[in-house]
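For reference, the chains in residue letters:
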Amino acid sequence: MFFLKRWNTLRNQILIVYLIVMLLVLITVGILTYKQVSVMLRNNAEEQIKQTVIEASGRFDSLFEQLNMSTKQVSSNTDLQDVLLSELRGELVSFNERQELIRITNRLQANADGIYNLELYNRDFEKVIPLSVETVNDQIDRRWLRQADIAKGSLVWIGEDPNNETFFITVRRVNLMDNYFERGGYLLIRINKNYLQLNDQSSTQENYMVLTDEKNQIITSNFNEENIDEILQVSRNTIEIDRENYMVVKHKSNITNWTVTMLTPVNKLTNGITVLQTVILVSGLVGFFIFFICSYFLSTFITRPIIKLTQTMRKASEGKLTLNPQIITSNEINELNITYNQLAEEMNYLIQMVYEKELIKSKTELKALQAQINPHFLFNTLDAMYWSLEKKEEDELAELVISMSELFRYTITHQNEGEWVFIKDEVAHVERYMKIMQMRFGNKLSCSYNVAPNLTEVRIPKLIIQPLIENAVLHGIGNKATNGTVKLTIKQIAKQDIIQIIIEDDGIGMNAETINRIYNAMNEQKMSTLKGNSMAIVNVQRRLQLYYDPDNVKGLKIQSELSIGTSITFEIPMIKDDK
């Protein structure tokens, strides 16, 4: 808790708020920048990959179109058309005519890349060239011929040669142009697989590419994994292969219906993102450090004048408001400083005035209270002397007069010495007073004293005990028909610098209503409406409040029971130094 309280300062709060705001700004900007740039990099990489796939697909379309054009030239050749027309009419085709067709196809093979050989079949599926007795059924399934009929002369892709894995096979129907484009036969073309291999630009060690036909059969690929069928069937944008994620990009040709599938490692696409993360992190740390230094100096600049002003204001506990020196800072704090200085000047003046007034008031009130005690004491003493005149002898009267003169001398002397006396002097005064009272009441009145020896040199206010003794004698024992005793006890509370003074009597006592009335009078400090024992008690209570700190001295405590007696107790701090 002490650590938190020590660091819970305005400067630290401003610094922490600035840093939190800056941290939130840096995090927000960093996240937004990272997301936007990473998405941009990824999209650019995807676009490049898509463009590569489209270019690869266009290259295969171009190769296929070359095959289409070359074979179309053969199928529209005049000599070939005449031979097939003769076959349709049932005319015998000579050997020389067949040889001429072979020369034509050989020239095509020599000039066209990728074509391994050409085979021509008539409409009855019999081979025309090269010369043999084979039929088309020995080469391909009859359904491909039906596909060629449906295509009406377009090149139909069949796929891998079932008799030789090193070739692809295509077929196209030959339409007889001189016979209303009637079906004249079929042209079977074998293509070298190397013709459709991937080029260096589309095939790298990091990228995988697969070319499939419309039946999802592989035409060419640089991917040799066993799960290639899973790759061809995947519909997601990414796939995991050997614990590495790959981005899958596909493109289907509108010309051949072939599909090019390209797999690119995701980490290749995110290479730039890793660099971006590092740049953002380093930039954020540098920005945070710079902002921390600026925030520290700014918070210090803002709070330093306030700290100085606070330190100056704390000196008010010493009893005087000191002025705060002029400081160079913001207008608001300057105005606060000027206002405080003005307030301090006015408060110092008012404090001095109030202090002087309170001091005068306290002295005046003490003198008034003292003046109130003196005539009251004088009246009671003279009254006692009157009742003793008829009963006493001449010597006793002389002794009485001497005792009264000592009482009056103690009462009226030391007017300018602060009215503080030693406990031994106050007790001696009480003893002289009790001696006079015993002359009046005789054996009816007795007294006892229990004063701690170590307290005789302690100073207390003058006449702070005697009025209570007097009150006990006149209103406690004096109204009692039988003998009575007044007891004075002065002792020190154990392990404390506190003196406890107790005045006890076994007189007539007081009821609860009277005690409450006295307490109310002490609280309200009203003596004008009081009489008898109440006035002396209220007078002593008020003087205790004026001589001592009311927070430390609680005042008089009264305990009394009818026909048993009364006890008045109060506690005061021990003062041994001269007042």
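Below, the structure is looked at part by part. (Residues numbered from 1 in each chain as written. Predicted model: local features only at pLDDT ≥ 70, side-chain atom pairs only at ≥ 80, totals over all residues. Heavy atoms only, no water.)

Across its full length, the protein holds 14 helices and 17 strands. Counting over 579 residues, the protein shows a buried share of 42%. A separation threshold of at least 6 residues defines the contact pool for the protein, and within that pool the share at least 24 residues apart is 63%. For the protein, the exposed area adds up to about 33,500 Å²; of that, 53% sits on carbon and sulfur atoms. (Helix = DSSP H or I, 4+ residues; strand = E, 2+ residues; numbered from the N terminus. Buried < 20%, exposed > 50% of the residue type's maximum accessible area, 1.4 Å probe, protein only. Contact = heavy atoms within 4.5 Å. Areas by Shrake-Rupley, 256 points an atom, 1.4 Å probe, with all protein chains shown as cover.)

This brings us to the sheet that holds strand E15 (residues 498-505). Reading across the sheet, the 5 strands line up as E12-E14-E15-E17-E16 and stay open at both edges, with mixed pairing between neighbours. Across the chains shown, the open sheet's two edge strands, defined by having one partner strand only, are strand E12 (445-451) and strand E16 (557-561). Ignoring strand direction, the axes of neighbouring strands in this sheet form an average angle of 10°. Note: E16 against strand E17 (residues 565-573), 5 bridges, orientation antiparallel. Residue pairing for E17: Ser 560 is matched across the bridge by Thr 566. Relative to strand E14 (residues 484-492), helix H12 (residues 466-477) is tilted by about 155°, and along the sheet it contacts E12, E14, E15 and E17. (Pairing = 2+ DSSP bridges. Axes fitted to C-alpha atoms, helices over the stretch in contact; angles between N-to-C directions.)

What follows concerns the packing of aromatic side chains. Enumeration according to the criterion identifies 8 aromatic pairs in this entry. Here the aromatic rings of Trp 420 and Tyr 547 are separated by 5.3 Å at their centres, their planes lie at 80°, and the arrangement is edge-to-face. Of this pair, Trp 420 sits in strand E11 (residues 420-422) while Tyr 547 sits in helix H14 (residues 533-547), placing them 127 residues apart in sequence. One exposure class covers both Trp 420 and Tyr 547, and it is buried. One Lys or Arg, Lys 424, reaches over the ring of Phe 422 and ends 5.6 Å from the middle of that ring. One Lys or Arg, Arg 459, reaches over the ring of Phe 422 and ends 4.2 Å from the middle of that ring. (Phe/Tyr/Trp six-rings, centres within 6.5 Å; stacked < 30°, edge-to-face > 60°. Lys NZ or Arg CZ within 6 Å of the ring centre and 35° of its normal.)

What follows deals with the pairing of strand E4 (residues 164-176). For E4, a buried count of 10 out of 13 residues is recorded, marking the element as mostly surrounded by other parts of the structure. Here strand E3 (residues 156-161) runs beside E4; their pairing, made up of 5 bridges, is antiparallel. Opposite Gly 159, over in E4, you have Ile 169 as the bridge partner. In this antiparallel pair of consecutive strands, E3 and E4, the connection spans 2 residues. When E4 meets strand E5 (residues 182-192), the two strands line up antiparallel, connected through 10 bridges.

In this section: a nonpolar patch on the surface. Residues Val 282, Val 286, Phe 289, Ile 290, Phe 292, Ile 293, Tyr 296 and Phe 297 make up a contiguous nonpolar surface patch of roughly 740 Å² in combined accessible area. Looking at where Phe 297 falls in the secondary structure, it is placed in helix H8 (residues 271-314). Exposure remark for Phe 297: the relative accessible area of 55% places this residue in the exposed category. (Patch = residues over 30% accessible without salt bridge, like charges linked within 9 Å, V, L, I, M, F, W, Y side chains within 5 Å. Salt bridge = Lys/Arg side-chain N within 4 Å of Asp/Glu carboxyl O.)

Viewed as axis vectors pointing N to C, helix H11 (residues 423-441) and H12 meet at an angle of 20°, and their least axial separation amounts to 10 Å. By the angle between their axes, H11 is roughly parallel relative to H12. The interaxial crossing formed by H11 with H12 has right-handed handedness. Taking contact as the criterion, the partners of Glu 426, His 429, Val 430, Tyr 433, Met 434, Met 437, Arg 440 and Phe 441 in H11 are, on H12, Gln 466, Ile 469, Glu 470, Val 473 and Leu 474. A class-by-class count of the residues in the contact of H11 with H12 yields 8 nonpolar, 2 polar and 3 charged. (Parallel < 35°, antiparallel > 145°, perpendicular 65-115°, else oblique. Left-handed = near helix turned anticlockwise from the far one by under 90°. Nonpolar A, V, L, I, M, F, W, Y, C, P; charged D, E, K, R; others polar.)

A few words on unusual backbone geometry. For the bond from Ile 129 to Pro 130, the omega torsion is -15°, close enough to zero to count as cis. Turning to its location among the elements, Pro 130 is positioned in the loop between strand E2 (127-129) and helix H5 (142-151). A positive phi angle, close to 55°, is found at Phe 181, a residue other than glycine. Mapped onto the secondary structure, Phe 181 falls in the loop between E4 and E5.

Along the chain, Thr 212 falls in strand E6 (residues 208-212). If we skip the residues at most four places from it in the chain, Thr 212 touches Gln 217, Ile 218, Ile 219, Leu 232, Trp 258 and Thr 259.

What follows concerns the pattern of salt bridges. Taken as a whole, this structure holds 11 salt bridges when the rule is applied. As a salt-bridge pair, Arg 103 and Glu 100 come within 2.0 Å of each other at their nearest N and O atoms. On the criterion of helical spacing, the pair formed by Arg 103 and Glu 100 is a turn pair, its members being 3 residues apart in helix H4 (residues 95-111). The shortest N-O distance in the salt bridge between Glu 119 and Lys 127 comes to 3.9 Å. Note on accessibility: Glu 119 and Lys 127 belong to one class, buried. Connected via shared salt-bridge partners are Glu 119, Lys 127, Asp 161 and Arg 190.

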